[in-house]
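Structural overview for review
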Amino acid sequence: MYSQYSQSPAKPFYSSIMGRPPPPKLELHSVDLATWDDGDWGDSVFLETQPDELDEPWPYRFKGGELVWVCASNGQWCRGKVIGQPKKGKTRSDEGLFWCVEFHMVNRFRKWFAPLNGDIKPDIEHTHKLLEDAGWLEPENEQ
């Protein structure tokens, strides 16, 4: 009766609904921050500068409970909170740190984000300016 689902229900269903195959699984591994080497991103030039654009990488080290802004899968920027310790994994360009973030859209979500992918930023004034410039936040009225 439902032969399109009989062989492998997850993949055909996802492909037919989304029009594309499911994204590759993110492989993350435990990391010891005391011995972690940020490579070229650990250079003081990168650590002392801030990105000019919202989607630029930013080698930032977060702390558990820290408030952040993340770019969800749909491209929407949401405020969230870092949960727990980072893990290491493959970023878009190299190996880097991923941080688990809890955020709300319609429902509550937990997802891993990497600063080197440009999809997580600290909740600070500079990030607010980037979000305003990109049209995600209303500019604050100056008094």
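In this text the structure is predicted, and so the values were computed from the model without any measurement. (Residues numbered from 1 in each chain as written. Predicted model: local features only at pLDDT ≥ 70, side-chain atom pairs only at ≥ 80, totals over all residues. Heavy atoms only, no water.)

Digging into the overall build of the chain
Helix and strand content of the chain: three helices and six strands. Along the chain, helices (α) and strands (β) appear in the sequence α-β-α-β-β-β-β-β-α when read from the amino end. Residues counted as buried form 28% of the 143 residues belonging to the chain. Summed over its atoms, the accessible surface of the chain is roughly 10,000 Å², and 50% of this surface lies on carbon and sulfur atoms. (Helix = DSSP H or I, 4+ residues; strand = E, 2+ residues; numbered from the N terminus. Buried < 20%, exposed > 50% of the residue type's maximum accessible area, 1.4 Å probe, protein only. Areas by Shrake-Rupley, 256 points an atom, 1.4 Å probe, with all protein chains shown as cover.)

Details of helix α3 (residues 125–133)
For α3, the complete set of buried residues consists of Thr-127, Leu-130 and Leu-131. Looking straight down α3, one finds that the buried residues subtend no more than 100 degrees of arc, so they occupy a single side. Seen from the buried face of α3, the exposed residues on the opposite side, beyond 90 degrees, are Glu-125 and Asp-133. Those residues of α3 that are buried are in contact with β2 (67–71), β3 (77–90) and β6 (120–122). Two residues or fewer past α3, Gly-135 is found with a positive phi of approximately 85 degrees. (Arc of directions from axis to C-beta. Contact = heavy atoms within 4.5 Å.)

A few points about the pairing of β3
In the sheet, strand β1 (residues 28–30) pairs with β3 via three bridges, with the strands oriented antiparallel. The partner of Ser-30 across the bridge, within β3, is Lys-87. Two elements, β2 and β3, share five bridges in a ladder whose sense is antiparallel. Looking at β3, one finds that Trp-69 is bridged to Arg-79. In textbook terms, the turn of a hairpin is the stretch between consecutive antiparallel strands, and for β2 and β3 this stretch comprises five residues, one of which, Gly-75, has a positive phi near 90 degrees. Where β3 lies against strand β4 (residues 95–104), eight bridges are found, and the strand directions are antiparallel. The partner of Ile-83 across the bridge, within β4, is Cys-100. (Pairing = 2+ DSSP bridges.)

Some words on the nonpolar core
Membership of the largest hydrophobic core comes to 13 residues, with the highest contact counts inside it found for Val-68, Val-70, Val-101, Phe-103 and Ile-120. Where this core is concerned, the elements lending two or more residues are β2, β3 and β4. Tallying contributions element by element places β4 first for this core, with four residues. Those residues in contact with Val-101 that lie beyond four places of it in its chain are Val-68, Val-70, Gly-80, Lys-81, Val-82, Ile-83, Phe-109, Arg-110, Lys-111, Phe-113 and Ile-120. (Core = buried A, V, L, I, M, F, W, Y, C linked by side-chain atoms within 4.5 Å.)

Some thoughts on the confidence of the model for the chain
When pLDDT is averaged along the chain, the result is 80, and 73% of the positions lie at 70 or above. Averaged over each element, pLDDT in the chain is lowest for helix α1 (residues 10–18) (47) and highest for β2 (97). Scored below 50 in pLDDT, residues 1–16 makes 11 contacts in the model with residues more than four places away or belonging to other chains. (pLDDT = per-residue confidence, 0-100.)

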